[in-house]
Amino acid sequence: MTPYARRGVHGQTVETLARRVLSGEIPEGATLDMAALQSELDVSLTALRESLKVLAAKGMVDARQKRGTFVRPRSDWNLLDADVLRWQFSESSGTGADLALLRNLGEVRGIIEPAAVRLAAGRRTDEDLEALAAALTAMGEVSGANHAVEADLAFHRALLAATHNELLERMEMVIESGLAQRDQLVHSAPHSEDPVPSHRAVLDAVRDRDPDAAERAMRALLDQATRDLDKVSGPNAPEGADGSPEQKDGQAQ
């Protein structure tokens, strides 16, 4: 799904409402006071309803006769939606909440990317290799954190594209949200490991059409991602969604 376009009054209204729901300012089960929101946000009732339709499509709100528009339980939200992920990171404090989410996303990456790279090793084209090599070259350039983030995203995007599986390619929307946030934390901090060698190992194995080597290289890359995140987050790991301490077991972060 294409991320929601954040433009104009409509876009600002969607962003404001989403962040209030995600932060708990408007809690699960709460019925929205449409008149109060319309007045506060200085938008028409039609514009407010259109904005809420965006959140309804993501499972965050619903409307019923006699009850009005209300916030649905978190279990109904489309948490893998790229916008919902982005809104959660923008609302987080930069400590436990977003780090726990990063670790959850890291586990998803640990499931998807090792399998994806095996497919890429068998299906890659010369064009795929060129895209991966270009991203790796950009990764090696010293141009600040934002440049490093974009290069890393380009590499992993090209890797998913090299699977030539339409559904796996769509997973970039999930992976990129967490990867971009992790990269911003890691590349803005001193003493993180050089990402180029681990990514080069992945590219070399894909170029050689060696799925076993590609998977090993990807798992090593994800282990490095774990170490980098742990250096930034410190020794006190955030709790998981179930309230138990997160395990640092080498899964992707």
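Calculation notes
- Each residue is numbered by its place in its chain's sequence as written, counting from 1.
- Only residues with pLDDT of at least 70 are given local features in this predicted model, and only at 80 or more are side-chain atom pairs given and counted; all residues enter the totals for whole chains, interfaces and linings.
- Water and hydrogen atoms play no part in the side-chain values, which are based on all heavy atoms of the structure.
- Between Lys or Arg on one side and Asp or Glu on the other, a salt bridge is scored when a side-chain nitrogen of the former is within 4 Å of a carboxyl oxygen of the latter.
- Each helix is a run of DSSP H or I of at least 4 residues and each strand a run of E of at least 2, with the numbering of both proceeding from the N terminus.
- A pair of Phe, Tyr and Trp rings is counted when the ring centres sit within 6.5 Å of each other, with Trp represented by its six-membered ring. The angle between the planes then sorts it: under 30 degrees is stacked, over 60 is edge-to-face, the rest tilted.
- Sitting over a ring, as applied to charges here, requires NZ of Lys or CZ of Arg to be within 6 Å of the ring centre and within 35 degrees of the ring normal.
- Think of each axis as a best-fit line through the C-alpha atoms, taken over the contacting stretch in the case of a helix, with angles from 0 to 180 degrees between the N-to-C directions.
- Angle categories are assigned with fixed cut-offs, so that under 35 degrees is roughly parallel, over 145 is roughly antiparallel, 65 to 115 is roughly perpendicular, and the rest are oblique.
- Two helices that cross are described as forming a left-handed crossing if the nearer one is turned anticlockwise from the farther one by less than a right angle, and a right-handed crossing if clockwise.
- By definition, residues are in contact when any of their heavy atoms lie within 4.5 Å.

A. Structural detail: the pattern of salt bridges. Scanning the model with the defined rule gives 17 salt bridges in all. For R19, the salt bridge identified is with E15, shortest N-O distance 3.0 Å. One end of the pair, R19, and the other, E15, are both in helix α1 (residues 8-23), 4 residues apart, so they sit about a helical turn from each other. With its nearest N and O atoms 3.6 Å apart, the salt bridge here joins R72 to D76. A cluster of three or more residues bridged by salt bridges with shared partners is formed by E15, R19, K58, D81, D83 and R86.

B. Region of the structure containing the environment of F89. Topologically, F89 is positioned in helix α4 (residues 82-91). Sequence spacing of F89 and L101 is 12 residues, and the spatial spacing of their C-alpha atoms is 8.3 Å.

C. Here's a closer look at the packing of aromatic side chains. One pass over the full model with this rule turns up 0 aromatic pairs. Over the aromatic face of F70 sits the side chain of R67, whose NZ or CZ is 3.7 Å from the ring centroid.

D. Up close: the packing of helix α6 (residues 126-139) against helix α10 (residues 196-207). Interhelical geometry of α6 versus α10 gives an angle of 165° and a closest axis separation of 10 Å. Accordingly, the angle class assigned to the pair α6 and α10 is roughly antiparallel. Considering the relative orientation of α6 and α10, their crossing is left-handed. On α10, the residues that touch L129, L132, A133, L136 and M139 of α6 are V196, H199, R200, L203, V206 and R207.

Interpretation in functional terms is not warranted from these geometric data alone.
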